[in-house]
Every structure is written in C-alpha cells, then in structure tokens.
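# Reading the structure
Residues per chain, in single letters:
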Amino acid sequence: MEQKSVKRYIKDIVMAAMLLAVGIVLPFFTGQIPQIGSMLLPMHLPVLVCGLICGWQYGGIVGFVLPLLRYVLFGMPPMPNGLAMAFELAAYGAISGFLYNRSRWQCIVSLYRSLIIAMIGGRVIWGIVRVVMLGMTGNAFTWQMFMAGAFLNAVPGIILQLVFIPALMVALNKTGLVRFRREQKAALQQKA
C-alpha cells in the first residue's frame, strides 16, 4: 500500500470508531424521554456522517453494529426493533456514503441528494425487515404502521438531520478537515 492510502485507511478507521462512540453516547441525551429520542433519531446522525466522510463500507458497518452494540451494553434499543434498526442504519451509512463519494461534485446539492435518498432507502429497508420479522410471528405490518414509524413520527429527526449534517459538513470544509470536491474546477485547471 502507498503511504497516502495507509494514512487514509487509518484516518477512516479512527473516524469510524469515533463516530461509533458518538452514536453510543448521543442517545443518552434524549434517553430520559423515549418519545423525544424516537423523534430526534440520535443514532442516525453519526451513521450518516460516517458514510459521508469515511465511505459506504464504514458507514454500513458502523450503522449495522451501532444498535446491536448499544443493545448488548445498555439493553436499548429493545429487540427485535434493534435488529430492524441495524439494517436501517446500515442502509443509511452505505447509501449516503456510496452516493456522496461517487458524486461528480461533492457540494451541498450532492450532500442533500445523498442524504434524502439514504433516508428514504433506509426507511424502506426498515419496513422490509419489519414485514419479514412480524411475518415470522404471524403478525401483520400495515402500511399505516410503516408510514407512522418511518415518516410521521420521525419528522423532527428528519429535519434535524437535514439541518445539522450539512451545517457540520460545511464547517468541516471550512476547517479543511473534510473538503468538498469540484471536478469541474480540476478539469478546467488541467486544460489551462
């Protein structure tokens, strides 16, 4: 491996571990009032950020491991909901990282596009897992249950994600820790 790729690999591992730790701790701030925690979706934030910064592989792994690790350590989120959440968060991290890191330009527009598609994709995966899990027990997972769990009850968390994550990425860009990439500028500079 080249020196640069080794540094990048180490940086991504450390960043993913840090975001996993943030995901473990963040729900404690909303955990005293479960309704607020289920509305603000505190574990979703570090997973989406991990996918955007470290890439889809790390985002997917952190997303899958986070709810399971929190369950082992603290008994929350309760099973079997935690298992469905593991698949949902894995989809968030993987989809956001895949789309954003393959965008022609890494800017606010591609960031929002990646976030929105990841949020929809993760919720669809959550719904599929819930249908399978409830189907095994002989219960039905209705369209109303899906809409309430995936969208209606999650509106404050969705708004928080759409405001906080782009603000964080802009701040990281300004500090130079994470850079937006614009291929058009690079192509124009090479032609000149």
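For the structure itself, look to the data block above.
The structure reproduced in this document is the subject of the present report. Predicted model only: the values in this text are computed from it and were never measured.

### A word on helix α8 (residues 155-175)
Here α8 spans 30 Å end to end across 21 residues, near enough to the 30 Å set by a 1.5 Å rise per residue. Where α8 is concerned, the buried positions are G157, I158, Q161, I165, P166, M169, L172 and N173. Where α8 ends, the next residue or the one after it, G176, has phi of about 90°, a positive value.

### Looking at the nonpolar core
Core analysis: the biggest nonpolar cluster contains 32 residues, and C50, L52, I53, L115, I165 and M169 have the highest contact counts within it. Of all the elements in the fold, those that place two or more residues in this core are α1 (3-25), α3 (44-54), α4 (56-74), α5 (81-101), α6 (108-136) and α8. Residues contacting I53, with those up to four places away along its chain left out, are R8, D12, M15, M169, L172 and V178. Formed by six residues, the second largest nonpolar core is a distinct cluster that contains W126, M133, L134 and F141.

### Notes on unusual backbone geometry
Going from M76 to P77, the amide bond is cis rather than trans, its omega being -5°. Cis rather than trans, the peptide bond between M79 and P80 has omega equal to 5°. Along the chain, P80 turns up in the loop between α4 and α5.

### Side note on the packing of aromatic side chains
Under the counting rule described, the total for this entry stands at two aromatic pairs. Measuring from ring centre to ring centre gives 4.9 Å for F28 and F74, while their planes differ by 80°; the resulting arrangement is edge-to-face. On the criterion of sequence distance, the pair formed by F28 in the loop between α1 and α2 (34-40) and F74 in helix α4 is long-range, its members being 46 residues apart. Look at F28 and you get partly exposed, because its relative accessible area is 40%. Taking 5.2 Å as the distance between ring centres and 75° as the angle between the ring planes, the aromatic pair formed by F64 and F87 counts as edge-to-face. Note that F64 is positioned in helix α4 and F87 in helix α5, a separation of 23 residues in sequence. For F64, a relative accessible area of 29% gives the class partly exposed. Lying over the aromatic face of F28, R70 brings its terminal NZ or CZ to 5.0 Å of the ring centre.

Scoring rules and cut-offs
Residues numbered from 1 in each chain as written. Predicted model: local features only at pLDDT ≥ 70, side-chain atom pairs only at ≥ 80, totals over all residues. Heavy atoms only, no water. Helix = DSSP H or I, 4+ residues; strand = E, 2+ residues; numbered from the N terminus. Expected span 1.5 Å × (residues − 1). Buried < 20%, exposed > 50% of the residue type's maximum accessible area, 1.4 Å probe, protein only. Core = buried A, V, L, I, M, F, W, Y, C linked by side-chain atoms within 4.5 Å. Contact = heavy atoms within 4.5 Å. Phe/Tyr/Trp six-rings, centres within 6.5 Å; stacked < 30°, edge-to-face > 60°. Lys NZ or Arg CZ within 6 Å of the ring centre and 35° of its normal.

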